[in-house]
Amino acid sequence: MNHAILQMVCFIAFAVVAVGAALAVVSVKNTVHAVLALVLTFFSAACLWMLAEAEFLALALVVVYVGAVMVLFLFVVMMLDIDLEPMREGFIKYLPIGIGAAVIMLLEMLGIIGIKTLQVPAGPNPAGMSNIEWLGTALFTHFLLPFEIAALILTVGLVAAVVLALRVRTFSRRQNPAAQSAVRAAGRVRMVKMAASTTAPGPTTVGEDSQA
Amino acid sequence: MITLNDLLVMVPELYLTAAACFVLLFDVFINDDQRDATHWVAIIVMLVGIFLVVHGQPDTTATAFGGMFVRDRMAEILKVTVLIATILMYVMARPWLRDRQLFMGEFYSLSMFSVLGVMLLVSAGNLITVYLGLELFALPAYALVALNRESKLSSEAAIKFFVLGSLASGLILFGMSLIYGATGTLDLHGIFAAAGTTTHPHLLQFGLVFLVVGIGFEFGAVPFHMWLPDVYEGAPTPIAMYISAVPKLAAVGLAYRLLEVGMGPFADDWRIMLAIMAALSLVVGNVVAIAQKNLKRMLAYSTISHMGFVFLGLANPTPEGYSAALFYAVCFALMETVAFGVILALARKGFECEMIDDLKGLNRRSPWFAGMMAIAMFSLAGIPPLWGFIAKVLVLKAAIDGGMLWLAIVAIICSIIGLFYYLRVIWVMYFEQPAEGVEPLQAKPDLALRGLLSINALGLVAMIFFSGPLLAWCRAAFGG
């Protein structure tokens, strides 16, 4: 019984932190702080998963998201020079409406679903299997197709990011050694037929001559 | 667990995956001036795709990967139409893209991945495959809308599309999680079975609302239509053509899979929601289209009103209703390709042909293009005996049979209102003088474009006589 109470307390604590941090993500002024709050959200979510005995997912979330993705994100946000003031315009003005809509929706949801009567059926219990083992089996048997489609989505994300972000510098100067060594005299020098002598055009030319 | 049979069922999708990766790499190894090779390879890939879809179609519904992937007749029709629409886009887009320095290989590979997403989506038998198919379709589409990075309008459209699209997929995902919570299964047939005997009907209904909202976003139905006009206007015209045709077909598949296959026991709930969205789309789409001066925006609002018609069919959950909706979506996709094809053919370097006024006196400059545009407009307006009329009659009949006479009356009144703006385009083309200083047509639009556009337009006319077989095909898809 004590164990269950402890688990409940932990759940509530982590859930509150997660929701609070998520609120901070969208409400703090400084984008770097927002990213850090997002890290906290992920971390709390990882703890929640840990409570639900999904150890592998929790670790993956910490290692992949908190460890790698968010750090990268932090770099990007720090490099971007974002002017904070214009982004705040209208925030306070729309805040009451937004809160009002959110509260009404929350009440409706709670009222309709009826939180107290609800006992969500749990998924199949992976008895006698470690979390990672079960996840691996599930991913590569039952969920192989979605797993592969997710891989395709990642590929598309990569290609799309390159298409949208890569700017080929058309003005850069570079040498083409193949063309350089293949060149022939005829391609470089053009022989122009000219008259042997011309009449002196004007006084300026004469002046230049005398200076030389 | 995975047998060869699973892979055989999925041959068209596996093929397209390989082909899209091939095109992606192929394009890297050629020079910019050889890009035509990518173009023709992409078209051949799509043609072979159509062959594989039709040729390998099993007589009965086949499933793969434990019911995650379903290959049935409805998926076949949608896949074939999507592939045809994509081929039309490829051919008609080339001159336009080339004139604007947007002729790049990624246009082809991204759109192939997007088509692949649609193919997986319409064949999905599981909530996860539905969602992933939707994402795989949408993600390349966002990038394609932003393809023209120089254009601010284009970037704005892409951001709007991306944000609202993410919102829509978030809503769908939330709905799915509620449904999963109530039924404990992700399989659509399992959900159907569990929904009939559920002890949490409210939870399921709540999830259903989110699904319907997400579907409304995909269709661009009022009140979730805000992104559509801006995306049509801002996207490069060939991409606007793609977005006008392909996602609507995908959305029919999405609606059928989620609502009928999955949430069938709640049909009485969702058909009312669809009917309300249909009525709103018809009214808003048709009325607002009248005020548009931009041809692409006008087509966007016209699309919204047409989505109302598709919902009219879906709101009658019987084989007749679904086949009418499917028929309508197929017909609509091929009409939009003509309308956008004419815009693409008339556009040239530095001139977009986006405004309705740009079509002034088109009949004098080019009777053939004016004629094709007229066919498209008459067909969209639903003038008898054209294809659009047949499709409209079918969905109206479905709605009346489904006991929604009021909706059918709204639809008829709205399509009469809609006549105004379709006929205005025709008026402008035939009875107004070209504006001062407007050049005649560009020297000669691309031969392939002219040819395929003509075939597309004449096909619309020919479909008057071939509607029967297509309708029979659609009916057979739903076992009606």
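Every value quoted in this text rests on a predicted model; they were computed, and no experiment measured them. (Residues numbered from 1 in each chain as written. Chains lettered and ligands numbered in written order. Predicted model: local features only at pLDDT ≥ 70, side-chain atom pairs only at ≥ 80, totals over all residues. Heavy atoms only, no water.)

## Quick look at the overall build of chain A
Item 1. Counting its secondary structure elements, chain A contains ten helices and zero strands.
Item 2. Shown N-terminal to C-terminal, the secondary structure of chain A runs as helices and strands in the order α-α-α-α-α-α-α-α-α-α.
Item 3. By residue count, 16% of the 212 residues in chain A fall in the buried class.
Item 4. When contacts within chain A are restricted to residue pairs at least 6 apart in sequence, those whose partners lie at least 24 apart make up 60%.
Item 5. Carbon and sulfur atoms make up 70% of the accessible area of chain A, which amounts to about 16500 Å² in all. (Helix = DSSP H or I, 4+ residues; strand = E, 2+ residues; numbered from the N terminus. Buried < 20%, exposed > 50% of the residue type's maximum accessible area, 1.4 Å probe, protein only. Contact = heavy atoms within 4.5 Å. Areas by Shrake-Rupley, 256 points an atom, 1.4 Å probe, with all protein chains shown as cover.)

## Description of a nonpolar patch on the surface
Item 1. On the surface, a nonpolar cluster with roughly 620 Å² of combined accessible area is contributed by V71(A), L72(A), F75(A), V76(A), M79(A) and L80(A).
Item 2. Position of L72(A) among the secondary structure elements: in helix α3 (residues 55–79). (Patch = residues over 30% accessible without salt bridge, like charges linked within 9 Å, V, L, I, M, F, W, Y side chains within 5 Å. Salt bridge = Lys/Arg side-chain N within 4 Å of Asp/Glu carboxyl O.)

## Considering the confidence of the model for chain B
Item 1. With 98% of its residues at a pLDDT of 70 or more, chain B has an overall mean of 90.
Item 2. Here the predicted complex scores 0.86 on pTM and 0.89 on ipTM. (pLDDT = per-residue confidence, 0-100.)

## Considerations on the environment of M50(A)
All names here are of chain A.
Item 1. The residue M50 is located in helix α2 (residues 31–51) in this model.
Item 2. Look at M50 and you get partly exposed, because its relative accessible area is 42%.
Item 3. On a C-alpha basis, the gap between M50 and F11 in space is 10.0 Å, while along the polypeptide they are 39 residues apart.
Item 4. Setting aside chain neighbours within four positions, we find M50 in contact with E55 and A58.

## A look at unusual backbone geometry
For residues other than glycine, phi is negative in most cases, and the peptide bonds are mostly trans.
Residues and elements named next belong to chain B.
Item 1. Between V222 and P223 the backbone carries a cis peptide bond, its omega angle lying at 5°.
Item 2. Residue P385 is reached from P384 by a cis peptide bond, and omega for that bond is 0°.
Item 3. Within the secondary structure, P385 is located in the loop between α16 (367–381) and α17 (387–401).
Item 4. Unusually for a residue other than glycine, F65 sits at a positive phi of about 55°.
Item 5. In this fold, F65 is placed in the loop between β1 (62–64) and β2 (69–71).
Item 6. In this model, Q101 sits at a positive phi of 60°, which is unusual for a non-glycine residue.

## A word on the packing of aromatic side chains
Think of a pair of aromatic rings as described by two things: how far the centres are apart, and how the planes are tilted against each other in angle.
Residue and element names in this part refer to chain B.
Item 1. Inspection of every chain in the model, using the stated rule, returns 22 aromatic pairs over all chains.
Item 2. Geometrically, the ring pair formed by Y142 and F162 is edge-to-face, given 5.2 Å between the ring centres and 85° between the ring planes. Placement of the pair is Y142 in helix α6 (residues 127–145) and F162 in helix α7 (residues 152–183), with a sequence separation of 20 residues.
Item 3. Its relative accessible area of 10% is what places Y142 among the buried residues.
Item 4. With a centroid separation of 5.4 Å and 75° between ring planes, the pair formed by F206 and F210 is classed as edge-to-face. Of this pair, F206 and F210 both sit in helix α9 (residues 201–219), four residues apart, which is roughly one turn of that helix.
Item 5. Among the residues examined, F206 registers a relative accessible area of 11% and is labelled buried.
Item 6. These aromatic residues form a ring-pair network of at least three members: Y90, F103, F107 and Y108. (Phe/Tyr/Trp six-rings, centres within 6.5 Å; stacked < 30°, edge-to-face > 60°.)

## Some remarks on the environment of L57(A)
All names here are of chain A.
Item 1. For L57, the position within the fold is in helix α3.
Item 2. C-alpha of L57 to C-alpha of I5: the two residues are 52 residues apart in sequence and 24 Å apart in space.
Item 3. Non-local contacts of L57, meaning those with residues more than four positions away in its chain, are made with W49, N131 and L135.

## Notes on helix α18 (residues 405–431) of chain B
All names here are of chain B.
Item 1. With 27 residues, α18 extends 38 Å from end C-alpha to end C-alpha; this agrees with the ideal 39 Å at 1.5 Å per step.
Item 2. Three or more residues of α18 are buried, namely L407, A408, A411, C414, S415, G418, Y421, Y422, V425, I426, V428 and M429.
Item 3. Those residues of α18 that are buried are in contact with α12 (267–290), α13 (295–314), α15 (362–365), α16 and α17. (Expected span 1.5 Å × (residues − 1).)

## Overview of the interface of chain A and chain B
Item 1. Listed per partner, the contact involves 28 residues of chain A and 35 residues of chain B.
Item 2. With both sides pooled, the region where chain A packs onto chain B buries about 2800 Å², and carbon together with sulfur makes up 85% of that total.
Item 3. Our count for the chain A to chain B interface comes out at zero salt bridges.
Item 4. The interface formed by chain A and chain B includes two residue pairs in polar contact (both at pLDDT 80 or more).
Item 5. Those elements that place two or more of their residues in the side of chain A that touches chain B are α5 (91–113) and α7 (144–165) of chain A.
Item 6. Looking at which element gives the most residues to the side of chain A that touches chain B, the answer is α7(A), with 14 residues.
Item 7. Residues belonging to the side of chain A that touches chain B are distributed by class as follows: 22 nonpolar, five polar and one charged. (Buried area = accessible area lost by both parts, 1.4 Å probe. Polar contact = N/O pair within 3.5 Å; in protein donor to acceptor, adjacent residues only side chain to side chain. Nonpolar A, V, L, I, M, F, W, Y, C, P; charged D, E, K, R; others polar.)

## Some words on the nonpolar core
Item 1. With 213 residues, the main nonpolar core has F107(B), F219(B), W270(B), L312(B), L359(B) and M377(B) as its most contacted residues.
Item 2. Of the residues forming this core, the biggest block, 21 residues, is contributed by helix α14 (residues 319–346) of chain B.
Item 3. Not counting the four nearest positions on each side in its chain, M377(B) is found in contact with M298(B), L299(B), A339(B), Y422(B), V425(B) and I426(B).
Item 4. Formed by five residues, the second largest nonpolar core is a distinct cluster that contains V32(A), V35(A), M70(A) and L74(A). (Core = buried A, V, L, I, M, F, W, Y, C linked by side-chain atoms within 4.5 Å.)

## Quick look at the side chain of S111(B)
All names here are of chain B.
Item 1. One can find S111 in helix α5 (residues 105–122).
Item 2. Of note is the side chain of S111, whose polar atom sits 3.0 Å from the backbone oxygen of Y108.
Item 3. Ignoring anything within four residues of it in the chain, the contact list for S111 reads M89, Y90, E106, L144 and Y242.

## Considerations on the packing of α16(B) against helix α19 (residues 447–477) of chain B
Residues and elements named next belong to chain B.
Item 1. Relative to each other, α16 and α19 sit at 40°, their axes nearing to 10 Å. By the angle between their axes, α16 is oblique relative to α19. α19 is crossed by α16, and the crossing has left-handed handedness. Facing α16, whose interface residues are W368, F369, M372, I375, A376 and S379, α19 presents R450, L453, S454, A457, L458, L460 and V461.
Item 2. Residues that form the contact of α16 with α19 fall into these classes: ten nonpolar, two polar and one charged. (Axes fitted to C-alpha atoms, helices over the stretch in contact; angles between N-to-C directions. Parallel < 35°, antiparallel > 145°, perpendicular 65-115°, else oblique. Left-handed = near helix turned anticlockwise from the far one by under 90°.)

## Brief notes about the packing of helix α4 (residues 73–99) of chain B against helix α11 (residues 237–262) of chain B
Residue and element names in this part refer to chain B.
Item 1. For the pair α4 and α11, the least separation of the axes is 8 Å and the interaxial angle reads 170°. The orientation of α4 with respect to α11, classified from their angle, is roughly antiparallel.
Item 2. Here the residues of the contact of α4 with α11 sort into 18 nonpolar, four polar and one charged.

## Concerning the pattern of salt bridges
A side chain of one charge can pair with a side chain of the opposite charge if their charged atoms are brought near each other.
All names here are of chain B.
Item 1. For the coordinates displayed, the defined rule picks out 16 salt bridges over all chains.
Item 2. Put simply, E432 and K360 hold a salt bridge, and the shortest N to O gap is 3.9 Å. Pair noted here: E432 is in the loop between α18 and α19 and K360 is in the loop between α14 and α15, with a separation of 72 residues, a long-range link.
Item 3. Taking relative accessible area as the criterion, E432 reaches 25% and is therefore assigned partly exposed.
Item 4. Using a relative accessible area of 22% as the deciding quantity, one classes K360 as partly exposed.
Item 5. Here D401 ties to K397 by a salt bridge, and the two come within 3.2 Å at their closest N and O atoms. In this pair, D401 and K397 are both assigned in helix α17, four residues apart and thus about one turn of the helix distant.
Item 6. Several salt bridges converge on common partners, so that one network encompasses E156, K160, D230, E233 and R297.

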